[in-house]
Each structure stands twice: as structure tokens, then as C-alpha cells.
Amino acid sequence: MNNDIALGVLGISHKTASVEIRELVSLNEEEQKNIIHQVTHDFTVNNIEVDGILILSTCNRTEFYVSADHIDIILPALRQLLVTYKKCPYYTDENITYEKFGMEAARHFFNVICGIDSQIVGEMQITGQVKDCYNFAHHLDATDAVLNKLYNFGMQVKRKVRNETFLSDGTVSVSFAGVELARKIFSDLTDKRILLVGAGKTAELAAVHFLENNVKAINVANRTFSKAEELAEKFGGKSYTLDDLDTALREADIVISATSSDDYVITRSMMSDITRKKYYESIFLIDLAIPRDIDPKIESLNNVYLYNLDDLNGIVEKNLEKRRMEIPSANKIIDEFMLEFQKWVNTNTMASVVSKLKSHLETL
């Protein structure tokens, strides 16, 4: 394939730079709007203007997709503009930035929108982020025929990859892995009561995933009662102090523990008593704390299912490996669309040449 297309990408991503650097180069909406306006209205290099620009800025990447003649001259000038605007030298640091041109830039865009280039392979959030960045630029009249068609083909690629491969299958979130395990143990979660031990973000995130599965109730036990009350109110559940943990455990089917305690919060003797009082109903415990909150000896009790972070990370890693194995299949689909995009480029380039020649003749 040739690169006879006026397209380029300048980027910094999780593959090339640390999070500290990515934070410095990222652009909020207002900054994106200003850059787009400058590039499309006041930016010329050797009388060459930019035809279109998309800016994709997320926690893992900041990329500029630019459509222009002589793109190899435009991108270095864009680097300088960004350094001046953000007062940040990293845009011109060739050790952490990358440039791609023509069809290579198009393939990169397809890899990004499908999640192949993501830190978590196959993650679906990136598609929405690309969609938002395109709509934002399109609303500002910053996209041209090349970028419009690139986005259109990208969405088609994404749909086919999602429908015909397993690239996005299997949970790769530790919090959601707990939900998947709970489903295997209980099959139906709608009548299950959740207990959060700890009121921090880790426990809250896990609770949100369970809430999405329509559990019956989410209660909270915490050392500081006011924090337990605040989070319990958010989920419409009951609040307890850790002194009332016995009572809270008796009412729970699923326990998610994520405190900062140095000692076990839930001990074997405590759970032995609880299981008897629950008439040996199954209870599922997820220990998300480091150091651990739940005594591992609990696992020897009947009808008690205990999983810790290592267990959940193991599930996540297996699912990630399955996703990685799907990359060759996704690449075959991308190859098909690259050929179609190349055909469009060839036709569009010829039409553009004829139009420019016609305009020149009329001028003469």
C-alpha cells in the first residue's frame, strides 16, 4: 500500500510516556477548542494550510490526527505550536512522541478505535472517547473529507471486530471479576444482599458493579460510622460500625472487604459462628485489601467462598491473554478495511487533482 494520502498523526501514549508526562500534555475541552481554532484559522506553513484536525486526549493518550498537503512539514510546525501553547517541552521530544503518515496513520487510528492499542486490550471505553473527539471537531467544522471518511471506516472496523472476534470478551476489571464469580456461585443476584466492609473507593467501585446487577441491598460497615452512613445512603442501604460487624455479616450473602486495617477484620472464629447462625447458607467473600482483611483459614468452612486480589488478578490476566490471542483476527478485519479505505483514497485523490486543475484553468 502506498501512503498517497494527506494524513498524519502526532501522538504521546501509555506506550511511550509515564502518567506524569501524559498529564502535562493532555488537553481539556477548552484547550482543544483553542488549538483547533488556531490550526484551522491562523496556522500556515510555507503557504500550506491544514484541511482538518481531530484531537484525542484521554488519560492514556494525546493524539492529533491532521489532514493536510505536505503533512511531513505540517507536523513539526504543529509540535512547536503545542509547546508554545502549553508551555510544555514534551511535544517536541522525539523519544516519547511518534509520528505516522498516510495509510500507516489510518491503520493506527483503526487500532486505537478497536482497543488493540489500548493499555487494556479490547477495552470499549476508547470507542466512545474517539466518537466524542470526532463529534467535537465536526461541530467546530474542523474535519474534512479525509477525516470524515477515516472516522466512518473506523466505526465500521470497530463494529465488525466486536461482532466477529472475542477481542472485548471476558472481564478485565478486578472489581467486575468479583461479580462474575458471584454469578457462578449464586447464578441469580437479584435477591442477594451485599455488605461493604470499608467505605473507600475500592469497595464503592465493586458495589457499583453489583448494583448494575440489581442486587437486593447494599449495606456498609466502616470504622467511622459517619462514612458508613454517607456511602450506605448513596446505595439506599443500612450502615454499621465495625463493632456491629457480626450483625452486618449475618444479613449478608456477599461481602466485599477493602479496609486499611493491619489485622484481619473478619476472622475464622467470627465466620464459623456466622455460618451456623445463617443455617449454613452460602456466603461469598471478596478480599480487596492489602494487607488482607479476611483470614484465609475461613476458606475451610463449609459453604464459604473466599477470593482475594491474587485470585481476581489471575482471572483478569487469563481474560487478557484470551483477548491478546484475538489480535490476529482483528488485524485481518483491519486489513480488509485498509484496502477499502485505500480505494476511496485513490478515487478521492484523482477527483481532487481534477478539481484543482479545473480551478487553475479557470483562473488562467
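Scroll up to find the structure.
Residues numbered from 1 in each chain as written. Predicted model: local features only at pLDDT ≥ 70, side-chain atom pairs only at ≥ 80, totals over all residues. Heavy atoms only, no water.

A. Geometry of the packing of aromatic side chains. The full count for this structure, using the stated rule, is nine aromatic pairs. Between Tyr134 and Tyr151, the ring centres sit 3.9 Å apart and the planes meet at 5°, which makes this aromatic pair stacked. Pair noted here: Tyr134 is in helix H5 (residues 125–139) and Tyr151 is in helix H6 (residues 145–164), with a separation of 17 residues, a long-range link. With a relative accessible area of 11%, Tyr151 lands in the buried category. Relative to Tyr307, the ring of Phe284 lies with its centre 5.7 Å away and its plane at 70°, an arrangement referred to as edge-to-face. Pair noted here: Phe284 is in strand E11 (residues 283–287) and Tyr307 is in strand E12 (residues 304–308), with a separation of 23 residues, a long-range link. With relative accessibility at 0%, the residue Phe284 sits in the buried group. Overall, the relative accessible area of 24% leaves Tyr307 in the partly exposed class. Three or more aromatic residues joined by ring pairs make a cluster, and in this case those are Tyr65, Phe109, Phe110, Phe153, Phe337, Phe341 and Trp344. (Phe/Tyr/Trp six-rings, centres within 6.5 Å; stacked < 30°, edge-to-face > 60°. Helix = DSSP H or I, 4+ residues; strand = E, 2+ residues; numbered from the N terminus. Buried < 20%, exposed > 50% of the residue type's maximum accessible area, 1.4 Å probe, protein only.)

B. Representation of the packing of helix H8 (residues 201–211) against helix H9 (residues 225–235) in the model. Where H8 contacts H9, the axes come no closer than 11 Å and their chain directions differ by 20°. In terms of their interaxial angle, H8 and H9 are classed as roughly parallel. Like other packed secondary-structure pairs, H8 and H9 cross with a definite hand, here right-handed. Contacts from Glu204, Ala207, Val208 and Leu211 of H8 reach H9 at Leu231, Lys234 and Phe235. (Axes fitted to C-alpha atoms, helices over the stretch in contact; angles between N-to-C directions. Parallel < 35°, antiparallel > 145°, perpendicular 65-115°, else oblique. Left-handed = near helix turned anticlockwise from the far one by under 90°. Contact = heavy atoms within 4.5 Å.)

C. The sheet that holds strand E8 (residues 217–222), seen in detail. Judged by pairing direction, the sheet is parallel, and its six strands sit side by side in the order E9-E8-E7-E10-E11-E12 without closing on themselves. On the outer flanks of this sheet lie strand E9 (239–241) and E12, each paired with one strand and no other. Ignoring which end each strand starts from, the neighbouring axes of this sheet average 20° apart. Relative to E12, helix H12 (residues 309–325) is tilted by about 75°, and along the sheet it contacts E11 and E12. (Pairing = 2+ DSSP bridges.)

D. Quick peek at the sheet that holds strand E6 (residues 98–101). Reading across the sheet, the four strands line up as E4-E5-E1-E6 and stay open at both edges, with antiparallel pairing between neighbours. Strands with a single pairing partner mark the edges of an open sheet, and in this sheet they are strand E4 (52–57) and E6. Strand-to-strand twist across the sheet, computed as the mean angle between neighbouring axes with direction ignored, equals 15°. Taken together, the seven bridges between strand E1 (residues 7–13) and strand E5 (residues 61–67) define a ladder with antiparallel strand orientation. Its bridge partner being in E5, Leu10 is matched across the sheet by Phe64. Helix-sheet contacts for helix H3 (residues 71–86) involve E1, E5 and E6, and the interaxial angle to E1 is about 35°.

E. Unusual backbone geometry, seen in detail. Backbone torsion omega between Ile290 and Pro291 reads -5°, so that peptide bond is classified as cis. Checked against the element boundaries, Pro291 lands in the loop between E11 and E12. A positive phi angle is found at Ser187, which is not glycine, with a value near 65°. Taking relative accessible area as the criterion, Ser187 reaches 61% and is therefore assigned exposed. Although it is not a glycine, Asn303 sits at a positive phi angle of roughly 65°. Of note, Asn303 is situated in the loop between E11 and E12.

F. Geometry of the packing of helix H4 (residues 102–114) against H6. Packing of H4 against H6 leaves a shortest axis separation of 9 Å and a crossing angle of 45°. Here H4 lies oblique to H6, going by the angle between them. Of the two elements, H4 crosses H6, and the hand of that crossing is right-handed. Contacts between H4 and H6 involve Ala106, Phe109, Phe110, Ile113 and Cys114 on the former and, on the latter, Leu150, Tyr151, Phe153, Gly154, Met155, Val157, Lys158, Val161 and Arg162.

G. Examining the pairing of E5 more closely. Extensive coverage of E5 is indicated by the burial of seven of its seven residues. Where E4 meets E5, six bridges bridge the pair, whose relative direction is antiparallel. For Ser57, the partnering residue across the bridge sits in E5 and is Thr62. Counting the residues between successive antiparallel strands, the hairpin from E4 to E5 contains three residues.

H. Looking closely at the nonpolar core. Ranked by internal contacts, the top residues of the largest apolar core, which has 68 residues, are Phe64, Val66, Ile74, Leu78, Tyr91, Phe109 and Phe341. Broken down by element, this core gets its largest block of residues, nine residues, from helix H13 (residues 327–363). The contact partners of Phe64, leaving out residues within four places of it in the chain, are Gly8, Val9, Leu10, Leu27, Ile53, Leu54, Ile55, Leu78, Leu82 and Tyr91. Core analysis: the second largest hydrophobic core is formed by 30 residues, Leu189, Ala207, Phe284 and Leu312 among them. (Core = buried A, V, L, I, M, F, W, Y, C linked by side-chain atoms within 4.5 Å.)

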